[in-house]
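Reading the structure
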Amino acid sequence: VILELLHYAVKQAESLGASDVEAYAATSSESEAFMENNDLKQAKSQRVGAIGIRVLLGGSLGFYSINDLTKSRIREATAMAIKIARASPRDRHNALPGKSKGKALRGIYDKNAELFQTSDAAKMAAEMLEAAKSYDNRISVDSGNFNAEIATHALANSNGMELKERASVFSWSIMGMAVENGDISSFDYQLGGSHFVKDIDVFSTATEFAETVVNSLGTRKIEQSFKGEMLLTPMAANEMIVEVIAHAINSDAVQKKSSHFAGKIGKQVASELLTVEDDATNVQGLSASSFDREGVPHRRNIVIEKGMLKKFLYNTYTARKDGVMSTGNASGSTSSPPLVSTTNFLIKPGRSNVDKLVSEIRQGIIISRFSGNVDPVNGDFSGVVKGGRFVRNGTIQYAVKEVMVAGNIFKALSRLNGISKERKVIYDSMLPYMRFDGMSFTAG
Amino acid sequence: MHTDIYVADSLRSMISSSKSATYIEGRYQSRVTSEVNFINGELERIRVVETSGCGIRVLVDGCWGFSSTSNVSDAALKESLHEATSAAHVLSQSKKTKVKGLAQSKMVTGSFKTAQNSYNNLLDIEIDQKVQVAREGEKAARSNREVKTASCVYRDMVDHKVIVNSDGANVEIYDSKPEFNITAIAKKGGQSATAHEGVCVTGGWDDLFKKRSHLECAIAASERVAKLLDARHVSGKKATVILDPAMVGLLSHEAIGHTVEADFVLSGSVVKDKIGSKVASDLVTLVDSGRSEIASNAGGTIIVDDEGVVAGRTAIIEKGILKSFLHNRESAMIFGTASTGSARAFQYSDEPLIRMRNTYIEPGPDKLTDMIKETKYGYIIKGARNGQADANGEFMFGAEEVFLIEKGEVTELLRGASISGNAFEVLQSIDMVGNEFQYDMGTGYCGKYQPAKVDGGGPYIRCTAVIGGLQQ
């Protein structure tokens, strides 16, 4: 039914004089339960369906979106999109991709998700809360949620493309601290996710959260500022590293001259230990799907290989500007024309296990979370270490407080000297533990 | 916008058909958002987005359930009510502390416009005109040759809401909020500077450009950023500072307003036990209102909140004494007081939360010229940028430009800097309050699980704060 509506939108726009048309629809049904203050707070369910219509009129772009999938409203929206295109300036890079052969991705839809109800979401949230509280009675859960979603996206365009795909996504989070006689630990939050009901594991997430906050009780100030090693957990790497690399490899940022990697294809931009992939076909990541926001098949893109910059990520528009092919990174929802972004962001695991990485540290700090600012344009970061632990001669000494860490992510990437073989899925990132040397820590 | 006429009836009959809930609320909202964005002479983005649907919230067995649907047929609403009710039932099996009830409030009935004659006006403005102001604005922002990058965004939100609940609310609201933003970045040698100019109002097209035209706004940004490029940096110190209305608004919202939201108070905010205590200088009366008090077209104007309660003037601090927190009906019940009409939802699919509206300090007796004249050594801080504030009132805000005052005269423009301190200490230190009032914070969104359009402002005020640090 949905493809028929999209087809209708395309034909309508063509009959009104559009040279190119794309109709993109997304529908979902969602159940969610929230926690707050060590208790359940609210349960929620929603059903949405929306369509975004992009038309080109000799290079001029028009876009109109509605969350109503009836033919009469689609007809009106199409006419409005044409009207907008008539008011827009021409841009010769505006174009839609042609039909291409992609493979349907397996492993992102679980039929059992259809039976999953709001009551199950509430049950999962309650289990996660219970698991955290029973780990240790000093745990205080500030907030969290459990979300279950079945999402369909579909696309048709005037080049004959007709695509449709369904995915199920379960995701959950927990946030809070540990409290003991007036001593309050750093905040921590953990996330988990899966495509399949059988892979839902709120227990591990709750336990990791609980372990981290309990470990950051009884903090001490470090005796003095020092230069040493920084070991980031996957969560901290997600906060400090991912956004900076994702911005630098984005063709839109390159074209707007805000990417640090501009002009560096083929150059060494990081330590040889670093290999970065963007891969929406990896079904472990929750952004997995077989085609992008404009229907281009998803693929595995090796962006940085052994420290060398291999390519930028493109959608059709930015690709035309640079005279290359789209990498399948058109992104966005039905409420906006396509943007460019990463899909599943993967850092290749290393050979050592985490314990070995710790045991090799002469002097340094393990960081579980980072609270501060990271500038994705120039890579500068500064902030406070959260859930940090001080390591000397390969042994964890104590939990730290009020330690500042500052530096530059791009410089740090060339000082990457260890990557764990353990890797964690954080929604759409898959990240190992990462160790850097020569980092400046300042005592508070 | 085709189902609008019938949806109030549908919601009313849905509510009256149900017997099992303590409270039922049905909110219909339809929104049209338009956006045009130019960067460096090119169209970056253009779109119009329509969303509409109903959010149904129920209180059953002391638990909240919420469900939303974009389909507003009677059958879909009934299904949604059923889902919200069963969600609440499910929760009641594991939730430990039940909601005790909702405070008595006078429920509003009737039809309202958040600003006069504005609703239809904005929908009548053709997309061509929106493209034109964004394109011309961006170009004018590059009129100074030091400007290397410029952008201009025109955006508007036009809402039609219907709020019906089982306690008797029956409200229709027409709202319209256009905004216009300019960013200019200048570069010379290794130096760079950024300037922003923007305006957001509750009102129509003419209200948006009532104070200045789009070109005046753009040229102001272009000229200022070129001047800032040559300005010196300020050196860090505790000093006498005169804050402009935008900075007063930011301080009132971020550093004070959030600490008095009753849900934050319940989780242990710094002002928890301070009602009736002196928390600011006698000169300070700090207000949050859902109406546009004192000046017109404030960006956070709502008139009635999403629980159907009048969103009037709430004096948070009156002549230095902390008087009130911000409440929805649930928190008002816990505190044994009345709702302040602060329950707001961003979209039909969001549940109402305690939010601010227009937050400001009331004007006083002093002329700005006298405030400067009576300052031996100090700074005027202008152009609020984003910042951070903690639950204890500690804050750090960026300012775009700083003027040095020496012996009662403005002597030099300095580069942007940050100001920091404890908000309550800063309020205690206020010794002069200006007599000219302005809202100047409307272009931002406040984020708390969901966005909200808020505004803030005040007169110029003189106080003591720490100035320093570099700001781009």
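Above: the structure in question.
As a starting point, this report considers the structure included with it.

What counts as what
Residues numbered from 1 in each chain as written. Chains lettered and ligands numbered in written order. Predicted model: local features only at pLDDT ≥ 70, side-chain atom pairs only at ≥ 80, totals over all residues. Heavy atoms only, no water. Helix = DSSP H or I, 4+ residues; strand = E, 2+ residues; numbered from the N terminus. Rg over C-alpha atoms; globule rule 2.2 N^0.38 Å. Buried < 20%, exposed > 50% of the residue type's maximum accessible area, 1.4 Å probe, protein only. Contact = heavy atoms within 4.5 Å. Areas by Shrake-Rupley, 256 points an atom, 1.4 Å probe, with all protein chains shown as cover. Buried area = accessible area lost by both parts, 1.4 Å probe. Salt bridge = Lys/Arg side-chain N within 4 Å of Asp/Glu carboxyl O. Pairing = 2+ DSSP bridges. Axes fitted to C-alpha atoms, helices over the stretch in contact; angles between N-to-C directions. Parallel < 35°, antiparallel > 145°, perpendicular 65-115°, else oblique. Left-handed = near helix turned anticlockwise from the far one by under 90°. Nonpolar A, V, L, I, M, F, W, Y, C, P; charged D, E, K, R; others polar. Core = buried A, V, L, I, M, F, W, Y, C linked by side-chain atoms within 4.5 Å.

On to the overall build of chain B, then. Across its full length, chain B carries eleven helices and 23 strands. The C-alpha atoms of chain B give a radius of gyration of 23 Å, which matches the 23 Å a tight globule of 472 residues would have. Principal-axis analysis of the C-alpha atoms gives chain B an extent of 70 × 55 × 35 Å. Relative to its full complement of 472 residues, chain B shows a buried share of 61%. Within chain B, contacts between residues at least 6 apart in sequence are counted, and of these 75% link residues at least 24 apart. With the model as given, the accessible surface of chain B reaches about 18100 Å², and the carbon-plus-sulfur share is 48%.

Our focus in this paragraph is the interface of chain A and chain B. Listed per partner, the contact involves 41 residues of chain A and 44 residues of chain B. Together chain A and chain B conceal approximately 3500 Å² of surface at their shared face, both sides included; 47% is due to carbon and sulfur atoms. Looking only at chain A, the three residues that lose the most surface to chain B are Gln42(A), Arg47(A) and Asn67(A), adding up to 16% of its buried area. At the surface where chain A touches chain B, the tally comes to eight salt bridges. Across the pair Glu44(B) and Lys256(A) runs a salt bridge, and its minimum N-O distance is 2.9 Å.

Here we come to the sheet that holds strand β14 (residues 358–361) of chain B. Residue and element names in this part refer to chain B. Spatial strand order, β11-β10-β9-β14-β22-β19: six strands in an open sheet with mixed pairing. Looking at strand neighbours, the two that pair on one side only are β11 (321–322) and β19 (438–439), the edges of this open sheet. In terms of strand pairing, strand β10 (residues 313–318) meets β11 through two bridges, oriented antiparallel. Its bridge partner lying in β11, glutamate 318 is registered against isoleucine 321.

The next point concerns the packing of helix α3 (residues 118–135) of chain A against helix α2 (residues 74–94) of chain B. Close contact between α3(A) and α2(B) brings their axes to 9 Å; oriented N to C, the two are set at 25°. Of the possible angle classes, the one that applies to α3(A) and α2(B) is roughly parallel. In this structure, the crossing between α3(A) and α2(B) has a hand that is right-handed. Here Thr118(A), Ser119(A), Ala122(A) and Ala126(A) of α3(A) lie close against α2(B), whose contacting residues are Ala87(B), Val90(B), Leu91(B) and Ser94(B). Looking at the contact of α3(A) with α2(B) residue by residue, the class counts come to five nonpolar, three polar and no charged.

Membership of the largest hydrophobic core comes to 66 residues, with the highest contact counts inside it found for Ile53(A) and Val55(A). Every residue in contact with Ile53(A), bar those within four places of it in the chain, is listed here: Ala9(A), Val21(A), Glu22(A), Gly62(A), Phe63(A), Tyr64(A), Ile74(A), Ala77(A), Thr78(A) and Ala81(A). Ranked by size, the runner-up nonpolar core spans 54 residues in total, among them Ala113(A), Val202(A), Ile24(B) and Val58(B).

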